[in-house]
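# Descriptive analysis of the structure
Spelled out, the chains give:
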Amino acid sequence: MSIYSFLVAVRSDGQQLMSDTGETTSHLMGMFYRTLRIVDNGIKPLYVFDGAPPKLKSGELAKRFARKNEASEQHEEAKETGTAEEVEKFSRRTVRVTREHNEECRRLLRLMGIPFIVAPTEAEAQCAVLARAGKVYAAASEDMDTLTFDSPILLRHLTFSEQRKEPIQEIHLDKTLEGLNMDRKQFIDLCILLGCDYLDPVPKIGPNTALKLIRDHGTLEKVVEFIESDPKKKYAIPEDWPYQDARELFLHPDVRSADDPECDFKWEAPDVEGLVQFLVNEKGFNEDRVRSAAQKLQKNVKTAQQSRLEGFFKAIPKTEDQKKDLKRKHEEKVADAKKKKKEDAKTKKETKAKAHLNS
DNA sequence: ACTCTGAATCTAGACGGG
DNA sequence: TGATTCAGAGT
DNA sequence: CCCGTCC
């Protein structure tokens, strides 16, 4: 996901950044500096790459594929008749992450000394397993499904950019379940009903209705039974709606077990010359920037021995605005239940910096 | 009058100099 | 892809 | 904070 957004966002003149041989470097630029920033804040990241998607997702992927193709047509058309802005707009929509992009990012991480794993299927599911096993403090993702996959903690907006507008959000599954007053099985059913990548949404059922239905009936079986026996025919379950299969994916996703040798992660010193060779010689990055970045990595691998974020996070007071916001979309609901109890989190460094500024 | 869904729209990174 | 905003149907 | 640059 990050690779995708780097490809979309890291641009100049409507074009992705490129080496002098015309190869895209946006993904490397994004990965390199974001990772550097994260490490510099005392965090030891572990990257999880997506594997082959589960079969249930093929319907959704087909839709995305169709949308991409449509965007490509519009892109071509815009190149002929449209304005530069239109061309750029459609260009962003046609972005696809290739195997090469992924491989280059892995090569970069190896040179940086940052561990990673390629998940058998969904990265979010693998993240959840690793977080659950204590291999990492939390799973960082924008995808709420991470909680559905049973990650005890989900971090959103984990970027340490200065210009970050959104605060880092730390969502605890236990507090979320507590806030919703549900067990995990019900939570999974709720998430499925809210709409997930594996199933078509049920028309007319949005976040509020979904929550009410699960509350009233307890399980998806009962909800489906209720809907189908409702004389008023208010809702209609789609033709092909294998919710048990979706549930099974959330309960038992195909993942690498945390005690697998592949999950014996090591954070190592960067290969400085390797980084220079790759980023400078092959991709045309500025050598001074790369070297000083590598130096930072080297320094941090020695000092940052903390394997947990705990010491780095500190709750900050919640604003009234945020509290009032508690009524919205589906995943927000999940966050909402949690927001009531949990506060947004910031890094120690940041908090200190802010406190310093304020004083 | 209020609640809710769903369609439309916009946007997306990181950094630093001025 | 997600977040935000808005129109209109439903209650 | 705004806006250009990174490659």
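Residues numbered from 1 in each chain as written. Chains lettered and ligands numbered in written order. Predicted model: local features only at pLDDT ≥ 70, side-chain atom pairs only at ≥ 80, totals over all residues. Heavy atoms only, no water.

## Comments concerning the domain arrangement of chain A
Along its sequence, chain A is carved into domain 1 (1-115 + 269-315), domain 2 (180-250) and domain 3 (320-346). At the interface, six residues of domain 1 touch seven residues of domain 2. When the shortest N-O distance is used, the salt bridge between Lys57 and Asp197 registers 3.6 Å. Across the domain 1-domain 2 interface, the total number found is one residue pair in polar contact (both at pLDDT 80 or more). (Domains from an automatic or database assignment. Contact = heavy atoms within 4.5 Å. Salt bridge = Lys/Arg side-chain N within 4 Å of Asp/Glu carboxyl O. Polar contact = N/O pair within 3.5 Å; in protein donor to acceptor, adjacent residues only side chain to side chain.)

## Here we look at the protein's contact with DNA strand D
By nearness alone, every residue bordering DNA strand D is listed as Arg11, Leu17, Met18, Ser19, Thr25, Met29, Lys283, Gly284, Phe285, Asn286 and Arg289. Close to the protein, within 4 Å, the atoms of DNA strand D are drawn from sugar and phosphate at a rate of 72%. Between DNA strand D and the protein, one listed contact pairs a base nitrogen with a backbone N or O atom of Arg11 at 2.9 Å. Thr25 has a polar side-chain atom sitting 3.1 Å from a sugar or linking oxygen of DNA strand D. For the surface near DNA strand D, the residue count by class is four nonpolar, four polar and three charged. (Near = heavy atom within 4 Å. Nonpolar A, V, L, I, M, F, W, Y, C, P; charged D, E, K, R; others polar.)

## Notes on the packing of helix α10 (residues 207-217) against helix α11 (residues 220-229)
Across the interface, α10 lies against α11 with an axial gap of 8 Å and an inter-helix angle of 105°. When the axes of α10 and α11 are compared, the pair comes out roughly perpendicular. Counted together, Leu213, Ile214 and His217 of α10 and Leu220, Lys222, Val223, Phe226 and Ile227 of α11 form the full contact between these two elements. Looking at the contact of α10 with α11 residue by residue, the classes come out as six nonpolar, one polar and one charged. (Axes fitted to C-alpha atoms, helices over the stretch in contact; angles between N-to-C directions. Helix = DSSP H or I, 4+ residues; strand = E, 2+ residues; numbered from the N terminus. Parallel < 35°, antiparallel > 145°, perpendicular 65-115°, else oblique.)

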